[in-house]
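Notes for the structure review
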Amino acid sequence: MANGEKFFGGARGWLQPLVHLTNNPISFIGVFLVTAAGVAFLFILPVEVRAGARHPYLGIFFFVVLPLIFFLGLLLVPLGIWLRLRGERRRHILPEVFPPLTWQNRDFRRLIKFAGVATFFNVIIGGYYSHATVSYMDSSGFCGLTCHTMKPEYTAYLDSPHVNVPCVDCHVGTGARANIESKWRGAGQLVAQLLDHYERPIPTPVVTLRPARDICETCHWPQKFGGYRLRVLDKFAEDERNSPSKSVLVMRIGGGSMTTGIHGFHMAPGIVIEYAADPKRTEIPWVRYVDAQGNATEYQTEAWTPENQGKYERRTMDCLDCHTRPSHQFQLPERAMDQALSLGRIDPSLPWVKRKGLEILKKEYSSTAEAEQEIPAALIEYYQKEHPEIYAARREAVERSAQGLLAVYKRNVFPEMKVTWGTYPDYIGHTDFIGCFRCHDDLHTSADGKTISQDCSACHELLAVEESNPEILAKLGIHP
């Protein structure tokens with residue numbers, strides 16, 4: 001009987017040669033990968049079903065990586081069989097008759113032992129690493145350092161009030177639709193990351209971000225009365241003494257059922273604000289305000305014409321329209337310098353340090369590595385040449401301030417991602433960016449001549465403006 005007929009003949013004829021030919025390293029690797037993927041699937045499936053979209057990157061692992069490993073294993077098994085079959089036929093050593101599938105059959109015994117040992121170890125290893133994978137893929141470190149090139153956003157996140165809030169709590173939705181969308185976007189982002197093909201800088205606003213009521217309001221209760229809050233802003237002049245001053249404001253936060261204060265005007269029960277804006281949400285030519293009694297008023301600027309209306313997107317206002325960067329804030333150089341001087345990271349007693357520091361910071365650097373070399377060296381060189389007596393007497397302070405200046409740069413500018421000063425505006429307030437004045441500009445007019453007020457006292461009370469020693473702080477027992 002020909003080999004081919006023996007190979008496929010009989011009720012068990014196909015299984016006996018299959019066991020014989022499977023005994024090869026390539027097929028064994030395939031068996032190991034199949035069992036590993038299968039075990040991991042069984043461990044992770046309950047977590048994925050229970051957590052839904054809370055673990056978006058776990059979903060990528062579950063729906064993309066595991067199937068790839070599984071099917072790779074399935075391909076390796078027949079590949080190994082085909083290679084061994086071809087080799088034994090070429091060498092004329094393919095058996096005429098294959099031994100029965102009993103424990104005395106060496107090939108059968110080896111296959112069963114290998115599958116058993118592989119399954120045993122995969123259960124132990126898979127159980128441990130499945131749990132570790134779930135925890136790791138749910139961590140912010142994975143989002144910011146492993147899966148994405150998120151250095152700008154992750155750096156800002158580590159310096160934000162929400163540093164203990166996992167990324168997935170804000171950036172992933174709940175329910176079947178959000179689950180599917182997050183998996184789909186995640187797969188595309190994974191491909192873009194592997195191919196190094198994505199936009200630089202990362203575009204904002206994030207149009208796929210969940211509504212604020214599903215993010216912010218899970219922690220920040222909007223009905224809670226915010227009341228009044230004191231703010232003290234430090235500023236340093238660009239003179240020889242880096243003259244310090246303070247501005248003191250009382251912020252009228254409002255909130256709860258009250259219709260006064262910032263939150264009261266915008267978020268009190270019954271109030272709904274709709275607006276139309278360009279894709280960056282910088283220009284807002286149309287606003288519709290519904291007050292607590294249900295009265296609606298529309299305001300518009302001269303830009304809101306029938307010809308231009310198609311350029312704008314209509315939205316319902318929520319927290320993130322003002323708090324545009326709650327966890328990923330980037331400062332302008334003046335503000336960043338003031339903060340570093342206030343905290344002592346840059347020594348404010350060094351003459352002209354703010355003016356020179358700003359000059360160095362605003363210079364364009366082609367890479368972070370270049371900035372690391374040039375920024376500290378430039379400040380040190382300035383004091384060596386222009387103020388040698390200061391450098392000689394206070395070398396440690398100069399060198400520490402040089403590193404503080406570099407830290408300011410690295411916290412806010414990322415040349416590799418094309419992120420520079422002002423790339424990501426923060427619209428809370430109106431001192432650094434247009435912010436509130438997108439609407440509160442006295443240019444938005446209603447049909448009856450009303451305007452959206454620019455009255456400063458509606459949101460805050462100025463108690464001191466750039467004073468060296470504000471009297472109000474002394475009265476409050478707050479001393480510099």
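This text goes with the structure placed above it.
Worth saying up front: this structure is predicted, and the values here are computed from it rather than measured.

Within a sheet, each strand pairs with its neighbour through backbone hydrogen bonds, oriented either parallel or antiparallel. Pairing is antiparallel across the open sheet formed by four strands, whose spatial order is E5-E4-E3-E6. Edge positions in the sheet fall to strand E5 (296-300) and strand E6 (313-316), since each of these pairs with one other strand and no more. Sheet twist, expressed as the mean angle between neighbouring strand axes with direction ignored, is 15°.

Attention now moves to the sheet that holds strand E1 (residues 228-236). Pairing in this open sheet of three strands is antiparallel, and the strands run E1-E2-E7 from one edge to the other. Only two strands of the sheet have a single partner each, and these edge strands are E1 and strand E7 (460-467). Each strand of the sheet is rotated relative to its neighbour by a mean of 10°, with strand direction disregarded. With five bridges joining them, strand E2 (residues 244-252) and E7 adopt antiparallel strand pairing. Considered in E7, the bridge of methionine 251 is made with histidine 460.

To continue, consider helix H16 (residues 395-412). Count 3.6 residues to each turn of an α-helix, and residues three or four apart come out pointing the same way. Over its 18 residues, H16 extends 26 Å from the first C-alpha to the last, a length consistent with the 26 Å expected when each residue adds 1.5 Å. Every buried residue of H16 is accounted for by Ala397, Val398, Ser401, Ala402, Gly404, Leu405, Leu406, Val408, Tyr409, Arg411 and Asn412. Buried residues belonging to H16 abut helix H7 (151-157), helix H12 (333-342), helix H13 (353-361), helix H14 (368-386) and helix H15 (388-393).

Attention now goes to the environment of isoleucine 69. Looking at the element boundaries, isoleucine 69 is found in helix H4 (residues 56-90). Along the primary structure isoleucine 69 and glycine 30 are separated by 39 residues, whereas in three dimensions their C-alpha atoms are 9.2 Å apart. Not counting residues up to four positions away in its chain, the partners in contact with isoleucine 69 are Leu33 and Ala37.

The subject of this paragraph is the environment of arginine 229. In this structure, arginine 229 sits in strand E1. Separated by 25 residues in the primary sequence, arginine 229 and glycine 254 have C-alpha atoms spaced 9.8 Å apart. Ignoring anything within four residues of it in the chain, the contact list for arginine 229 reads Leu249, Val250, Met251 and Ile253.

Here H14 is 19 residues long and its end C-alpha atoms lie 27 Å apart, about the 27 Å a rise of 1.5 Å per residue gives. Taken as a whole, H14 has its buried residues at Thr368, Ala371, Ile375, Pro376, Leu379, Ile380, Tyr382 and Tyr383.

Rules of the game
- In this numbering scheme, every chain counts its residues from 1 along its sequence in written order.
- Confidence filtering applies because this is a predicted model: local features only for residues at pLDDT of at least 70, side-chain atom pairs given and counted only at 80 or more, and all residues used for totals across whole chains, interfaces and linings.
- Computation of side-chain values covers all heavy atoms of the structure but excludes hydrogens and water.
- Note on pairing: two strands pair once DSSP finds at least 2 bridges between them.
- Each helix is a run of DSSP H or I of at least 4 residues and each strand a run of E of at least 2, with the numbering of both proceeding from the N terminus.
- Axis definition: a line fitted to C-alpha atoms, limited for helices to the stretch in contact. Angles are taken between N-to-C directions and run from 0 to 180 degrees.
- Each helix should span, by expectation, one fewer than its residue count multiplied by 1.5 Å.
- Working definition: with a 1.4 Å probe on protein chains only, accessible area under 20% of the residue-type maximum means buried, over 50% means exposed, and in between means partly exposed.
- Contacts are residue-level and defined by heavy atoms, with any inter-residue pair within 4.5 Å sufficient.

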